[in-house]
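Examination of the molecular architecture
Residues per chain, in single letters:
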Amino acid sequence: QVQLVESGGGLVQAGGSLRLSCAASGSTFGMNAIGWHRQAAGQQRELVAIISSGPMPNYADSVKGRFTISRDNAKNTVYLQMNSLKPEDTAVYYCYVNKYNRNYWGQGTQVTVSS
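These numbers were taken from a predicted model, which means no experiment stands behind them.

Attention now goes to the pairing of strand β11 (residues 109-114). Residues of β11 alternate between two faces, with T109, V111 and V113 buried on one and Q110, T112 and S114 left unburied on the opposite face. Where strand β2 (residues 10-13) and β11 come together, 4 bridges link them in parallel fashion. Each residue of the ladder has a partner; that of Q13, found in β11, is S114. Strand direction decides the pairing type here: strand β9 (residues 91-99) and β11, joined by 3 bridges, are antiparallel. Each bridged residue has a counterpart across the sheet, and for A91 the counterpart in β11 is V111.

Moving on, we get to the pattern of salt bridges. Counting across every chain of the model gives 4 salt bridges. Among the ionic pairs, R38 bridges to D89, the shortest N-O distance being 3.0 Å. Highlighted residues: R38 in strand β4 (residues 31-39) and D89 in the loop between β8 (77-82) and β9, separated in sequence by 51 residues. Notably, a salt bridge pairs K64 with D61, separated by 3.5 Å at the nearest N-O pair. The exposure class of D61 is exposed, given its relative accessible area of 67%. Several salt bridges converge on common partners, so that one network encompasses R38, E46, R66 and D89.

Attention now goes to the sheet that holds strand β3 (residues 18-24). Across the sheet, which stays open at both edges, the 4 strands sit in the order β1-β3-β8-β7 with antiparallel pairing between neighbours. Two strands close off the open sheet at either side, each with one partner strand: β1 (4-7) and β7 (67-72). Direction aside, neighbouring strands of the sheet carry axes that sit 15° apart on average. Where β7 meets β8, 6 bridges bridge the pair, whose relative direction is antiparallel. Note that in β8 the partner of R71 across the bridge is V78.

Now for the state of the cysteines. The tally for this structure, following the rule as stated, stands at 1 disulfide. Each sulfur in the disulfide pair C22 and C95 lies 2.0 Å from the other. Classification of the bridge connecting C22 and C95 rests on its S-S torsion, roughly -85°, and on that basis the disulfide is left-handed. Placement of the pair is C22 in strand β3 and C95 in strand β9, with a sequence separation of 73 residues. Owing to a relative accessible area of 0%, C95 belongs among the buried residues under this scheme.

The rules behind each value
Residues numbered from 1 in each chain as written. Predicted model: local features only at pLDDT ≥ 70, side-chain atom pairs only at ≥ 80, totals over all residues. Heavy atoms only, no water. Buried < 20%, exposed > 50% of the residue type's maximum accessible area, 1.4 Å probe, protein only. Helix = DSSP H or I, 4+ residues; strand = E, 2+ residues; numbered from the N terminus. Pairing = 2+ DSSP bridges. Salt bridge = Lys/Arg side-chain N within 4 Å of Asp/Glu carboxyl O. Axes fitted to C-alpha atoms, helices over the stretch in contact; angles between N-to-C directions. Disulfide = S-S within 2.5 Å.

See below:
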């Protein structure tokens, strides 16, 4: 079983920055992918950024060039650096891990961007 704990969400003005963190229990053994999804009010959950078996991470077009995903394998932690935030980035952000071909989700952290 994998437990994911997110932190770093909050309220920020448009143009500002936030850094989200997600700490995962256990080791990196069997880990196929780790990343972030988000869900705005009344909207479907969507992929934001993910690191998988490929050499480069994948980003949603809406955040490309503004968000950066990174990880620290020794700490089992993934980060999402969010710059140039826009009101449309307002959502609950969820950490995601696929390990041994099973999906795991964090509880979510609220990000609110004001105009």
